[in-house]
Amino acid sequence: EAQVTQNPRYLITVTGKKLTVTCSQNMNHEYMSWYRQDPGLGLRQIYYSMNVEVTDKGDVPEGYKVSRKEKRNFPLILESPSPNQTSLYFCASSLGGVVIPSTGELFFGEGSRLTVL
Amino acid sequence: DQQVKQNSPSLSVQEGRISILNCDYTNSMFDYFLWYKKYPAEGPTFLISISSIKDKNEDGRFTVFLNKSAKHLSLHIVPSQPGDSAVYFCAAQAAAGNKLTFGGGTRVLVKP
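For every chain, the first residue of its written sequence is number 1, and the numbers climb from 1 along that sequence. To read the labels, note that chains go from A and ligands from 1, taken in the order they are written. With the structure being a predicted model, the display of local features is reserved for residues of pLDDT at least 70 and the display and counting of side-chain atom pairs for 80 or more, all residues being used for whole-chain, interface and lining totals. For side-chain calculations, the full set of non-hydrogen atoms in the structure is used, while hydrogens and water are omitted.

J.: Which parts of the structure should I look at to understand the interface of chain B and chain A?
T.: Reports often express the size of an interface as the amount of accessible area lost when the parts come together. By definition in these notes, contact holds between two residues if any of their heavy atoms fall within 4.5 Å. Chain B puts 19 residues into the contact, and the matching count from chain A is 25 residues. Buried area is understood as the total, over both parts, of accessible area removed when two parts are fitted together, assessed with a 1.4 Å probe. The junction of chain B with chain A conceals about 1700 Å² of combined surface from both sides, 57% of it contributed by carbon and sulfur atoms. On the chain B side of the contact with chain A, Asn-98, Lys-99 and Phe-102 of chain B bury the most area, a combined 30% of that side's loss. What qualifies as a polar contact is a pair of N or O atoms within 3.5 Å, subject to a donor-acceptor requirement within protein and to the restriction that residues adjacent in sequence count only when both atoms come from side chains. In this assembly, chain B and chain A are joined by two residue pairs in polar contact (both at pLDDT 80 or more). In DSSP terms, a helix is any run of H or I states spanning at least four residues, a strand is any run of E spanning at least two, and both are numbered starting from the N terminus. If you list the elements that add at least two residues to the side of chain B that touches chain A, you get strand E4 (30-38) and strand E9 (86-94) of chain B. If you tally residues by element for the side of chain B that touches chain A, the top one is E4 of chain B, at four residues. Of the residues assigned to the side of chain B that touches chain A, the class counts are nine nonpolar, seven polar and three charged. Residues are sorted three ways: Asp, Glu, Lys and Arg are charged, Ala, Val, Leu, Ile, Met, Phe, Trp, Tyr, Cys and Pro are nonpolar, and all the rest, Gly among them, are polar.

J.: Where do I start with the sheet that holds strand E1 (residues 4-7) of chain A in this structure?
T.: The strands making up a sheet are joined through hydrogen bonds of the backbone, oriented either antiparallel or parallel. All names here are of chain A. Pairing between two strands is assigned when DSSP locates at least 2 bridges connecting them. With respect to topology, four strands assemble into an open sheet ordered E1-E3-E8-E7, the strand pairing being antiparallel. If you trace the sheet from one side to the other, it starts and ends with E1 and strand E7 (65-66), each paired once. Looking at chain direction, E7 and strand E8 (residues 76-78) are connected through two bridges and run antiparallel. In the strand pairing of E8, Lys-65 is matched with Ile-77.

These values are about where atoms sit, not about what they do.
Here is the structure:
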């Protein structure tokens, strides 16, 4: 089954304790991205990757790091989490670029709800 | 500064009637627009899209209309069904861009 898998789905942590949210896709997609969803603000892009070893900042990259060592994995790292990073996080992937007009699809994971106390 | 705005945070409609969701954008470089649907505890899923060379795209009960001069698009759901109750996100992309810019979402409730 084609899917984007995120872990953990739920996490409560404390300020300053480093954490990693993993993301894996099994569709051989080149493009992967992380978003955070906050009430009224929709989905805002944190980082994206066009391919292995190619990453770039999105709209809200502060406080986050990413890496793309393998095509299928795109972990999101919070080196020193703060309460303003409490949010719902989504990983997404697509075959090439952001969207392919013929399909128009960005495939999303089920989300990871993070609470930073 | 939100480049994509959905000014109605919620919408309630009776089953069988039409749901109309609106989306406005400010960036004239956007040329591809999408709607995503999101159920609780799930990730968004693609619903329908439209290129700027068109003004209408239809897929079953879902139709998206694009008014480029007004920088406005809308999603029509006819007839609305209880299973359509979800949050709908409008998104836009520029041809040379590497990201989708999303609106804040509209929560739709279809009452039986």
